Amino acid sequence: MIGRIILQGLGSTVAQADIGERAERMVADFSKVQPVKEYIAALGVKMLALFDVLKRRESQWRALIAEIGLEIKAIKPFTPFGDGVMGVAKP
């Protein structure tokens, strides 16, 4: 993987996080300017570090859902960054 994985948060939270050796800890005060500023990159990194998953594009979700025999009935975005909720059902 190219780049760094950084877990950014309050000192007590970061100290207790079980992140293994793939990520580095960075204490941050969220009321101030953040050292890691890219929301999308940070979200993807958090997902990878915490859940060993990647942020998927809509086309990737559609292919994955179709592969298991379901179909997407609705997609409701809730942020300008592409985050949303999908309604999925059997055809």
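Positions within a chain are numbered from 1, following the residues in the order the chain's sequence is written. At least 70 in pLDDT is required for a residue's local features to be given in this predicted model, at least 80 for side-chain atom pairs to be given and counted, and no such filter applies to totals for whole chains, interfaces and linings, which use all residues. As a convention, hydrogens and water are excluded, and side-chain values are obtained from all of the structure's heavy atoms.

A word on the environment of G11
Quick note on the threshold: Starting at the N terminus, helices and strands are each numbered in turn, a helix being any DSSP run of H or I of at least four residues and a strand any DSSP run of E of at least two.
As for its placement among the helices and strands, G11 is situated in helix α1 (residues 11-16). Once the C-alpha coordinates of G11 and A28 are considered, the two residues, 17 residues apart in sequence, prove to be 7.3 Å apart.

With respect to the nonpolar core
Where a protein is soluble and globular, its nonpolar side chains tend to be buried together. Keep this limit in mind: What is meant by a nonpolar core is a set of buried Ala, Val, Leu, Ile, Met, Phe, Trp, Tyr and Cys residues, joined one to another through side-chain atoms within 4.5 Å. Three labels apply to residues, based on accessible area from a 1.4 Å probe with only protein chains included: buried if under 20% of the type maximum, exposed if over 50%, partly exposed otherwise in between. Here a residue-residue contact requires only that any non-hydrogen atoms of the pair lie within 4.5 Å.
Grouped together as the largest cluster of nonpolar side chains are six residues: I5, L7, A17, I19, A23 and L48. Leaving out residues up to four positions away in the same chain, L7 has contacts with V14, A17, I19, E24, R25 and M26.

Brief notes about the environment of A15
Looking at the secondary structure, you find A15 in helix α1. According to the relative accessible area criterion, A15 is exposed, its value standing at 56%. Sequence spacing of A15 and R25 is ten residues, and the spatial spacing of their C-alpha atoms is 7.7 Å.

Describing the pattern of salt bridges
Working definition: two side chains of opposite charge can pair if their charged atoms are close together. Heads up, the condition is: What counts as a salt bridge is simple: a side-chain nitrogen of Lys or Arg found within 4 Å of a carboxyl oxygen of Asp or Glu.
One pass over the full model with this rule turns up two salt bridges. When the shortest N-O distance is used, the salt bridge between R62 and E58 registers 2.9 Å. Placement of both R62 and E58 in helix α3 (residues 58-67) is noted, with a separation of four residues, approximately one turn of the helix. Judged by relative accessible area, which is 42%, R62 ranks as partly exposed. For E58, a relative accessible area of 45% corresponds to the partly exposed category. Between K73 and E71 there is a salt bridge, and its shortest N-O distance comes to 2.6 Å. E71 gets classed as partly exposed once you look at its relative accessible area, which sits at 31%.

What is shown is where atoms sit, not what they do.
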